[in-house]
Amino acid sequence: MVTSPELDQSTVLRESGAAARHLARICFKTGPPTRTGVELEWTVHDAADPARPVDGERLRAALGRHSPVTLDPASPAERLRHGSTVTVEPGGQLEVSTAPRPSIAALIQATEADIAQLTNLLAGAGLTLGQTGIDPHRPPRPVVETPRYRAMRQVFDRRGPAGRTMMYSTAGLQLCLDAGEPERFAARWALVHAVGPPLVAAFATADRHAGRRSGWASARMAAWLAIDPARTRPVWTPQHADQDPVPAWTAYVLAAPLLCLRGAGADWTAPPGVTFADWIDGALPRPPTTDDLEYHVSTLFPPVRPRGYLELRYLDAQPGRGWTLPLAVLAALLTGPDTVDAARAVAAPVAHRWHAAARHGLRDPALAATAAALFDLALAALPRLDLPAPLHDEIHRGVRRRRAVAERGRR
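The rules behind each value
Residues numbered from 1 in each chain as written. Predicted model: local features only at pLDDT ≥ 70, side-chain atom pairs only at ≥ 80, totals over all residues. Heavy atoms only, no water. Helix = DSSP H or I, 4+ residues; strand = E, 2+ residues; numbered from the N terminus. Rg over C-alpha atoms; globule rule 2.2 N^0.38 Å. Buried < 20%, exposed > 50% of the residue type's maximum accessible area, 1.4 Å probe, protein only. Contact = heavy atoms within 4.5 Å. Core = buried A, V, L, I, M, F, W, Y, C linked by side-chain atoms within 4.5 Å. Salt bridge = Lys/Arg side-chain N within 4 Å of Asp/Glu carboxyl O. Expected span 1.5 Å × (residues − 1). Disulfide = S-S within 2.5 Å.

A. Quick peek at the overall build of the chain. A tally of regular secondary structure across the chain gives 17 helices and ten strands. The C-alpha atoms of the chain give a radius of gyration of 21 Å, which matches the 22 Å a tight globule of 411 residues would have. Each of the three principal axes of the chain carries a C-alpha extent, and together these read 60 × 50 × 40 Å. Across the 411 residues in the chain, those meeting the buried criterion constitute 56%. For the chain, the share of sequence-separated contacts (at least 6 apart) that also reach a separation of at least 24 residues comes to 74%.

What follows is the structure, encoded as structure tokens:
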């Protein structure tokens, strides 16, 4: 693992090597894999009329002291009872980001309690959480406006409507997993990418948008794929299966165009086509700092993003407690070198098929067969998660049901 001296956030970056060392330090923190977190995102709907728009003021009133400052600048932005933070996305989607937990059981217990608290807050305002990865009722519509969101919209609009769909209509499930020991990190990095397409297919929930069928199993993933490949394509690919994650991510970050350029005013529009590498080389009036680099990383959205841990961004929001199933599947596949290597071998033939997964889901026989095989591996490894018996049985039944669906798709 590359290391570097501690850098102050205001450290000026005058050459790409300094940027690479900073990225290695903040994005790749290896060690024994012990903690897991989740970020759950939902569209929000009027309980009586889910197609009715929900504005920011109604969300602010429902969330009260838990409102993020983007919604209410005077809010204390209190965490939920078990430590989760609440944010509001550009289209009014709510996101709960949990504190990392030392076990899957502890994570599920704490997260479900915070979801219950959030659900009660919304119910008091006549609101309810959505159940799918894209708004099935309403077209894209802005709810929260910030300089960042305006700059994002301007950049994405250059390529078509997919950016607005992503910003205002989609809801995802993000899993946050420790990177692992240095000697196994590259294998874990490869695995979480390789299993992405079959798991996108198996857990797709976004086939209906704005009142009609979208033609996609996951219209959410379709929107992400259509935005800007320079910031949304996978970092790992089967063609470079044994790549070193650190230089691969560094090259990705430095080659990505700036999405926005922060300033004191309301206009954060970035010059078109200027990459972070260009900025280091003097393309803008002032040189970038390490703080600018970290902010630039926050504007990159690959299916797997290193943030000191591995942030898996490719899954649709799941209905009810369904989010626990992909969490348990991935955690089980990562329990040891044997499951990592076996799952990677199973997924290898379809590891490049992100578009097919979004379009066809489990209607694609190869993706369905791979998903079924991955579920078999996960079920065999599930006891290693040491779940309480009732939770183990619940997840075991849920994964078996998903496996049965996948098995039907392969025929």
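B. Spatial organisation of the nonpolar core. Counting residues in each nonpolar core, the largest one holds 129 residues, and the members touching the most others are Leu94, Leu118, Phe156, Trp249, Leu312, Tyr314 and Ile395. Looking at this core, the element that brings in the most residues is helix α16 (residues 365-381), giving nine residues.

C. Broad picture of the pattern of salt bridges. If you walk through the whole model with that rule in mind, you get 26 salt bridges. In this structure, the salt-bridge partner of Arg262 is Asp291, at a minimum N-O distance of 3.1 Å. One end of the pair, Arg262, is in the loop between α10 (245-255) and α11 (276-280); the other, Asp291, is in helix α12 (residues 290-297), and 29 residues separate them in sequence. Looking at Asp291, the relative accessible area reads 26%, which means it is partly exposed.

D. Focus on helix α17 (residues 389-409). For α17, with 21 residues, the first-to-last C-alpha span of 30 Å sits near the 30 Å given by 1.5 Å per residue. Taken residue by residue, α17 has Leu391, His392, Ile395, Gly398, Val399, Ala406, Glu407 and Gly409 as its buried positions. Against α3 (104-123), α13 (324-333) and α16 lie the buried residues of α17.

E. Region of interest: the state of the cysteines. For the coordinates displayed, the defined rule picks out zero disulfides. Between Cys176, a cysteine without a disulfide, and Cys27, which holds the nearest cysteine sulfur, the sulfur-to-sulfur distance is 14 Å. Looking at the unpaired Cys260, the closest cysteine sulfur is the one in Cys27, lying at 17 Å. For Cys260, a relative accessible area of 9% puts it in the buried group.

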